[in-house]
Amino acid sequence: MKGLLKRLSNAPGVSGFEEKVRELIFNELDGYVDQIKIDEMGNLIAIKNGIPDGKRIMLAAHMDEIGLMVRYIDKNGFIKFSKIGNLNDQMLLNQDISIQTSNGKINGVIGSKPPHKMKKSEKNNVVEYDRMFIDIGASSREEAEKMVGVGDPIVINQNFQDFGYHLVKGKALDNRVGCAILVEVLKKVDSSATIYGVATVQEEVGLKGAKTSTFSINPDMALALDVTIAGDHPGIKREDAPSELGKGPSIVLADESGDGIITHPMVKKLLISEAEKENIPYQLEVREGGTTDGTAIQLTRQGIPTGVISPPSRYIHTPVSVVNMEDIDYTVKLILAVLNDVK
Ligand code: ZN
């Protein structure tokens, strides 16, 4: 499981450019499910058949990560970029990056003045992203254009590592954690329901892949698998993010203060009763900011009973986030308990 998460975390997959992650998931699932298809938007849909006329249950995990995109190349070969997804400017400066081009990966760095050359006011203020630039080692626009193109996606690099007790750190754990859980569940599930495992595209930029894939699948019930914010570290009030690492997955009861999802009562009851029955630790969460694919899924067609299961993660939407592998194992157990118990 850790090896799979490592490969998923290290793979590049900025929203709209999820091919490498999709390829990995495809190869993992090949032979374990009855069918795998890629739809028009780029979602991967893996189907494991249940009994004829049985229930249809959808699991969704988004493949995309937040990142950057080449917007402009200046005459000296430096690159201006746009942000793709919810990124904070103050964590961008001096990051090690790679640009994914049609000819492969180009390495670079988000450059800045050395501190010696900064005025005091500059040192104390956040540099806004549109004043930053990327250095790819080109010395002219012509040289840079041979390497990268406008519209190419940019990934902030960070190598996956384990540390501490059961913890791992890496980039894009939002939501390669969900992807790893999806793969593991599909490999092991034995349900009377037909399971549609969907690795979705473009969640971070408007829940797009979930919208289109749910329309085509039209399931009886759905679970979105994503990470949630862990508040068990300095600088954050526990009441603002009560979930903590190592205490099992969070069952989300509402997110975006109810503007996102308010979990369907049947799904809420099902998740909690299975966790209790199987002695799986879990946390309950009412989230104020942020939402998931579950929000788009529940509003499809006539409405789909939907829930969200989220292992907590520290530092999401920053270049390096942290999760506890035990929470991931518990999440897999809980989802398998739910699916294998479907009547
Ligand atoms: Zn996410």
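Placed above this text is the structure.
Being a predicted model, the structure only gives us computed values, none of them experimental. (Residues numbered from 1 in each chain as written. Predicted model: local features only at pLDDT ≥ 70, side-chain atom pairs only at ≥ 80, totals over all residues. Heavy atoms only, no water.)

**Student:** Tell me what's going on with the coordination of the zinc ion, and back it up with residues and numbers.
**Tutor:** The protein atoms donating to the zinc ion are His62 (NE2), Asp174 (OD), Asp226 (OD) and Asp226 (OD), with metal-donor distances spanning 2.0 to 2.5 Å. In this structure, the zinc ion is coordinated by four donor atoms arranged in irregular fashion, with angles at the metal of 52 to 139°. The motif formed by the donor residues of the zinc ion, counted along the single chain, is H-x111-D-x51-D. Here His62 is found in strand S3 (residues 56-62), whereas its partner Asp174 is found in helix H5 (residues 173-188), with 112 residues between them in sequence. (Donors = N, O, S within 2.8 Å, 3.2 Å for Na, K, Ca; no water. Tetrahedral: all angles 85-135°; square planar, octahedral: opposite > 155°, others 65-115°. Helix = DSSP H or I, 4+ residues; strand = E, 2+ residues; numbered from the N terminus.)

**Student:** Give me unusual backbone geometry: which residues, what numbers.
**Tutor:** Between Asp174 and the following residue, Asn175, the backbone shows a cis peptide bond with an omega angle of 15°. With respect to the helices and strands, the residue Asn175 is situated in helix H5. Although it is not a glycine, Asp53 adopts a positive phi angle of roughly 60°. Mapped onto the secondary structure, Asp53 falls in the loop between strand S2 (44-48) and S3. Taking relative accessible area as the criterion, Asp53 reaches 83% and is therefore assigned exposed. Positive phi, normally seen in glycine, also occurs at Asn218, with a value near 50°. Owing to a relative accessible area of 26%, Asn218 belongs among the partly exposed residues under this scheme. (Buried < 20%, exposed > 50% of the residue type's maximum accessible area, 1.4 Å probe, protein only.)

**Student:** Tell me about the sheet that holds strand S11 (residues 167-170), and name the residues and values.
**Tutor:** Strands pair in a sheet through their backbones, by hydrogen bonds, and they do so in one of two ways: parallel or antiparallel. One open sheet accounts for three strands, arranged S10-S11-S19; its pairing is antiparallel. Both edges of this open sheet fall to strand S10 (161-163) and strand S19 (321-324), since each of them pairs with a single strand only. Between one strand axis and the next, the sheet turns by 30° as a mean value, whatever way the strands run. Note: S10 against S11, three bridges, orientation antiparallel. In the sheet register, Phe163 faces S11, and the bridge partner there is Leu167. Seen against the sheet, H5 touches S11 and S19 and runs at an angle of roughly 30° to S19. (Pairing = 2+ DSSP bridges. Axes fitted to C-alpha atoms, helices over the stretch in contact; angles between N-to-C directions. Contact = heavy atoms within 4.5 Å.)

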